[in-house]
Amino acid sequence: MLDSTYEVKEVTTTPYDDQKPGTSGLRKPVEVFERPNYLENFVQSIFDVLPGGPRGKRLVIGGDGRYLNRRAIQTVIKMAVANGVELLKVACGGIMSTPAVSHIIRKYGLDGGIILSASHNPGGPKGDFGIKFNTPNGGPAPQKVTEAIYDRSRNIQRYLIADGPDLEIDHLGTTEILGTKIEIIDSVRDYADLMEELFDFEAIRALLASGFTMVFDALHAVTGPYAREIFIKRLGAPEESIRNAIPLEDFGGGHPDPNLKYAKGLVDLMFSDDAPDFGAASDGDGDRNMILGRGFFVTPSDSVAILAAHAGKAPAFRTGLKGVARSMPTSCALDRVAEALGVACYETPTGWKFFGSLLDAGKISICGEESFGTGADHVREKDGIWAVLFWLNILAAERCSVADLVKAHWKRFGRNYYSRHDYEEVDPEGASRLMERLEAMLGELPGAEIEGLAVSAADNFSYVDPVDGSRAERQGIRIIFHEGARIVYRLSGTGTRGATLRIYLERYEPPEGELFLETQKGLARLISASRQLAKVEEFTGRSEPSVIT
Ligand code: VG1
Ligand code: CO
């Protein structure tokens, strides 16, 4: 009991007007979070909108280890104490992946969790920071909750904090301050145990013992300790199978974003003569994954489709899938698998929060996004290590190469050529004008031809949640061509500097067609149509995207 050293203070504050959560929580440059009371205002806003208030609630807090993580955790602990929270589980060292937080909320029946992360955005004093609230189902707060937090943040007048020394968070143990129980918990064990229930660890162990080689790159972000426990300790992979496994406050200076540009070290290795059989990486907070074979990149849209097609090989899905879902810009490869399996395929707006209600209602088992996010009903977040284990489980059953598995999939279902072109940090005004112009053109597009491609439909995607009827409007402009080709335009909701325009390109090639073109070649006509139609160069000043995946 440390009561006498802490004193509850009520601090008068003034609201900020920019605390609107985006696709995945509140994400801003570190310097913004360092403004007086910026973090405190947002945390108090979260507490204030908890149903019935914060008193007596049971919560968990963890983060991705980036700069500001440790300081912010101390603030949250002291505010939780002052607000009468009954129990706060704190990740040891402050480090816990997003899917692991989701699991802890569910396993211990908590009232929610706070995740300190800006996910794939760079870290360090000049990088980004973020904070996100997850609800009792373990998932990101749905829109009505994030809106309530935002409203509260614009009116906040005071917050409560227990003044006193920082708490030691690097060793497991329990302590109590002013009636709040604080438990420093192992970040890894519960999660690793869950994975062992879902997948055939024995088969994966046998695969790894048979000479099959793998490299997992944690990009100096949160998954390092998880990868060590699971791949090395529990599955017997040799030490050199994990890279960049120590979490660093600035992720070693890189973007902790597992894609072809930012995970370059791994990509170069996988395309070299020394490539192992399997390569994978995860992002800052451990919810994304990139899968590679020797000399082969698996697009995330194909990945989720392939996982669904082979789901029965994992113990978790032995009895089949209830249904599947993908975000709207994700390719339709998954739809074809769903059709073959005879299950429903839902199309949701971008962002994991929309999958939550489908998962809770038991309508889907597996879901995914084109942005390297794949997940299932075991938690309510996308899950990087889970996806890697799922792939290993399938490869252990099939005993073939990654490339052969993907090619066999295309030969059965056809191939959805797919790519995303990002124009990062462009002028926000130009980007909005580009979108407005497209929106104004929607009515006249059907029937028109662009680069010889005939438009069959055009809209700005809106979504009605089939479970609770809530609506999300204007989630991305879709231009649909005959024979299943699509261009989608969206502005990012996670960027913190300028605007990011994302253009998603997709074209379907049937099994008997030309399946093995290089992706950008396979999409060449569509790429040029996408730039021409939206006058991308005129509005953004860029002739080429900054990231192609
Ligand atoms: C991006 C991705 C989206 C993902 C979101 C959060 O959002 O496109 O698919 O859900 O990041 O991912 P946007 O609005 O920038 O396109 V993460 O790894 O922050 O949790
Ligand atoms: Co992430």
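Residues numbered from 1 in each chain as written. Chains lettered and ligands numbered in written order. Predicted model: local features only at pLDDT ≥ 70, side-chain atom pairs only at ≥ 80, totals over all residues. Heavy atoms only, no water.

Caption draft 1: View of the packing of helix α10 (residues 300-309) against helix α11 (residues 333-341). At a minimum axis distance of 8 Å, the contact between α10 and α11 shows a crossing angle of 15°. Taken together, the axis directions place α10 and α11 in an arrangement best described as roughly parallel. For the crossing formed where α10 meets α11, the hand is right-handed. The segment α10 lies against α11, with S301, D302, V304, A305, A308 and A309 engaging A333, L334, V337 and L341. Across the contact of α10 with α11, the residue classes tally to 8 nonpolar, 1 polar and 1 charged. (Axes fitted to C-alpha atoms, helices over the stretch in contact; angles between N-to-C directions. Helix = DSSP H or I, 4+ residues; strand = E, 2+ residues; numbered from the N terminus. Parallel < 35°, antiparallel > 145°, perpendicular 65-115°, else oblique. Left-handed = near helix turned anticlockwise from the far one by under 90°. Contact = heavy atoms within 4.5 Å. Nonpolar A, V, L, I, M, F, W, Y, C, P; charged D, E, K, R; others polar.)

Caption draft 2: Quick look at the site of ligand 1. Surveying the vicinity of ligand 1 reveals 20 residues, the closest of which are T23, S119, S371, T494 and R502. Here an oxygen atom of ligand 1 and a side-chain polar atom of K382 are 3.0 Å apart. A distance of 2.7 Å separates an oxygen atom of ligand 1 from a polar atom in the side chain of R490. Residue composition of the shell around ligand 1, grouped by class: no nonpolar, 10 polar and 10 charged. (Near = heavy atom within 4 Å. Polar contact = N/O pair within 3.5 Å; in protein donor to acceptor, adjacent residues only side chain to side chain.)

Caption draft 3: Up close: the pairing of strand β10 (residues 214-217). Alternating residues of β10 divide into M214 and F216 and V215 and D217, and every residue in both groups is buried. Bridging between β10 and strand β12 (residues 278-282) involves 4 bridges; their strand directions are parallel. Its bridge partner lying in β12, D217 is registered against A281. Where β10 and strand β11 (residues 242-243) come together, 2 bridges link them in parallel fashion. Across the sheet, the residue bridging to D217 is R243, located in β11. Regarding the hand of the β-α-β motif, the stretch spanning β10, helix α8 (residues 224-234) and β11 is right-handed. (Buried < 20%, exposed > 50% of the residue type's maximum accessible area, 1.4 Å probe, protein only. Pairing = 2+ DSSP bridges. Right-handed = clockwise from strand over helix to strand, strands pointing away.)

Caption draft 4: Highlighting the side chain of S371. Among the secondary structure elements, S371 is positioned in the loop between β17 (366-369) and β18 (373-376). The exposure class of S371 is buried, given its relative accessible area of 8%. Not counting the four nearest positions on each side in its chain, S371 is found in contact with R288 and R420.

Caption draft 5: Quick peek at the pattern of salt bridges. With the rule as written, the count across this model stands at 38 salt bridges. For D268, the salt bridge identified is with K264, shortest N-O distance 2.8 Å. Note that D268 and K264 are positioned in helix α9 (residues 264-270) at a spacing of 4 residues, about one turn of the helix. Assessed through its relative accessible area of 42%, D268 is described here as partly exposed. (Salt bridge = Lys/Arg side-chain N within 4 Å of Asp/Glu carboxyl O.)

Caption draft 6: Representation of the coordination of the cobalt ion (ligand 2) in the model. Binding of the cobalt ion (ligand 2) to the protein goes through S119 (OG), D283 (OD), D285 (OD) and D287 (OD), at separations of 2.0 to 2.1 Å. Within one chain, the residues serving as donors to the cobalt ion (ligand 2) are arranged as S-x163-D-x1-D-x1-D. Of this pair, S119 sits in the loop between β5 (112-116) and β6 (128-134) while D285 sits in the loop between β12 and β13 (289-293), and the two are 166 residues apart along the sequence. (Donors = N, O, S within 2.8 Å, 3.2 Å for Na, K, Ca; no water.)

Caption draft 7: Spatial organisation of helix α13 (residues 384-398). Spanning 15 residues, α13 covers 21 Å between terminal C-alpha atoms, matching the ideal 21 Å at 1.5 Å per step. In terms of burial, α13 is largely enclosed, as 13 of its 15 residues are buried. Residue D383 occupies the N-cap position of α13, its side-chain oxygen lying 3.3 Å from the main-chain nitrogen of W386. Note on α13: the residue one or two positions beyond its end, R399, has a positive phi of about 50°. (Expected span 1.5 Å × (residues − 1).)

Caption draft 8: Here's a closer look at the nonpolar core. In terms of nonpolar packing, the biggest core is built from 76 residues, with F231, F278, W386 and W391 touching the most fellow members. Considering each element in turn, this core owes the most residues, 11 residues, to α13. Excluding its chain neighbours within four sequence positions, the residues that come into contact with W386 are Y191, M195, L198, F199, L307, F317, T374, G375, A376 and H378. Listed in part, the 43 residues of the second largest apolar core include L26, L50, L88 and Y159. (Core = buried A, V, L, I, M, F, W, Y, C linked by side-chain atoms within 4.5 Å.)

Caption draft 9: Broad picture of the packing of aromatic side chains. Here the structure, examined in full by the defined rule, presents 15 aromatic pairs. Consider the rings of W410 and F516, whose centres lie 6.1 Å apart with planes at 45°: the pair is tilted. Of this pair, W410 sits in helix α14 (residues 402-413) while F516 sits in the loop between β26 (499-509) and α16 (519-522); the two residues are 106 residues apart in sequence, bridging distant segments of the chain. Assessed through its relative accessible area of 5%, W410 is described here as buried. (Phe/Tyr/Trp six-rings, centres within 6.5 Å; stacked < 30°, edge-to-face > 60°.)

Caption draft 10: Looking closely at the side chain of S530. In this fold, S530 is placed in helix α17 (residues 524-534). Apart from the residues within four sequence positions on either side, S530 is in contact with I487, Y489, I503, L505 and V536.

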